[in-house]
Amino acid sequence: MEKTITKSGKTVEEAIALAIEELGVSEQDAVIEVIEEGGSGGFLGIGKKEAVVKVTADVDAVSQQEDEDSEYYGDDESFEGDAVSQAEEEAVAFVAEILSGIGIHGKLDSYREDDTIYISVTGSDCGTAIGRHGETLDSISYLTSLVANKYSEEYVRISLDIGGYKKKRESILVGLANRAASRVLRSGESVEMEAMSPSERRIVHFALQSYDGVSTHSVGEEPNRRVVVAPGKSGDAEE
Amino acid sequence: MSVGGFAMNDLLTTIARALVTKPEEVKVTQIDKGHTVVFELSVAPEDMGKVIGKGGKRAQAIRNVMKAKYLREGKRVVVDIVE
């Protein structure tokens, strides 16, 4: 049964703490929506606003999960589970800890497809966790993949998106790639794109893979490695 | 939820513990120097590589995350990995 309550407090943290205590769930199991950030208010503290949060949690699912957990702790030896799902659990828990450590509250969703664990974070005030040019996001993503792979024999890839940044960035990159390709077709000369991270270059290579009349490859050293779009028949993307 | 001073270096401890093989040997001390916060991270000798990484890649990622946290308070962060 899903339950939603609204709580207020002096700070967002305090309001969340009150709400999850009342619901009897942990912060990780709750969907937290910050309605009012609160703040010091106006001059001389007049009009000081309280922080207000809305917290939703599936109360039944939580108690069920607690049961599973206690089973696990009580019978350690026989617990094997699925290595990849354990990696997913650890990865999600790690991301949640980092975000709350930075001071961001949001909602985490994850799913696994083949060797990739997709984690997406939505919430207000995600900018801090994204950083300039997605630098912080990349770092969190990298650390998370280290943690996930500690718990998995096979290599698992982490695809972390925060506040839809990656998705937005991807469509920008695809647009840039197509523009570069049409410039190459018009001029007959190669076009060098701006420096990108490996995952961003992969998006560009992939976008132009089936683009007729151009091929792509990369030049330069990290972190200045760039994709070059060259005239020629559409070939395999080289990395 | 953490209380008092511990909450401050919580994040660094969390990250370091998640990476090493001996989490119980992770120690973090924090020194406030005005607008700069200095953290000293120490781990078991055999875990040094786990927090530094090839070419300091892991250490850089840890620093980036810590930087993000303190940017909100307008503070600079230094993370030193000590033996």
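Thresholds, definitions, all that
- Residues numbered from 1 in each chain as written.
- Chains lettered and ligands numbered in written order.
- Predicted model: local features only at pLDDT ≥ 70, side-chain atom pairs only at ≥ 80, totals over all residues.
- Heavy atoms only, no water.
- Helix = DSSP H or I, 4+ residues; strand = E, 2+ residues; numbered from the N terminus.
- Buried < 20%, exposed > 50% of the residue type's maximum accessible area, 1.4 Å probe, protein only.
- Contact = heavy atoms within 4.5 Å.
- Areas by Shrake-Rupley, 256 points an atom, 1.4 Å probe, with all protein chains shown as cover.
- Axes fitted to C-alpha atoms, helices over the stretch in contact; angles between N-to-C directions.
- Parallel < 35°, antiparallel > 145°, perpendicular 65-115°, else oblique.
- Left-handed = near helix turned anticlockwise from the far one by under 90°.

Q: Help me get a handle on the overall build of chain A, residues and values and all.
A: Counting its regular elements, chain A contains seven helices and nine strands. Buried positions account for 34% of the 239 residues belonging to chain A. A sequence separation of at least 24 residues applies to 56% of the contacts in chain A between residues at least 6 apart. For chain A, the accessible surface area stands at approximately 13800 Å², while carbon and sulfur atoms represent 47% of it.

Q: So, unusual backbone geometry: which residues are in play, and what are the values?
A: All names here are of chain A. Of note, the bond from E222 into P223 is cis; its omega dihedral lies within 30 degrees of zero at 0 degrees. The residue P223 is located in the loop between β8 (214-219) and β9 (226-231) in this model. Notably, H133 is not glycine yet its phi reads approximately 55 degrees, a positive angle. One can find H133 in the loop between α4 (127-130) and α5 (135-150). A relative accessible area of 63% places H133 in the exposed class.

Q: Explain the environment of A68 of chain B residue by residue, including any values.
A: Mapped onto the fold, A68 of chain B is located in helix α3 (residues 57-71). For A68 of chain B, a relative accessible area of 4% puts it in the buried group. For A68 of chain B, the contacting residues outside a window of four places in its chain are I102, T128 and T136 of chain A.

Q: Please provide a residue-by-residue account of the packing of helix α6 (residues 165-187) of chain A against helix α7 (residues 198-208) of chain A, values included.
A: Packed helices, taken two at a time, are described by their axes: the angle between them and the distance between them. Residues and elements named next belong to chain A. At a minimum axis separation of 9 Å, α6 and α7 run at an interaxial angle of 50 degrees. Accordingly, the angle class assigned to the pair α6 and α7 is oblique. The handedness of the crossing between α6 and α7 is right-handed. Where α6 approaches α7, its residues R169, E170, L173, V174, A177, N178 and A181 are matched on the opposing element by E200, I203, V204, A207 and L208.

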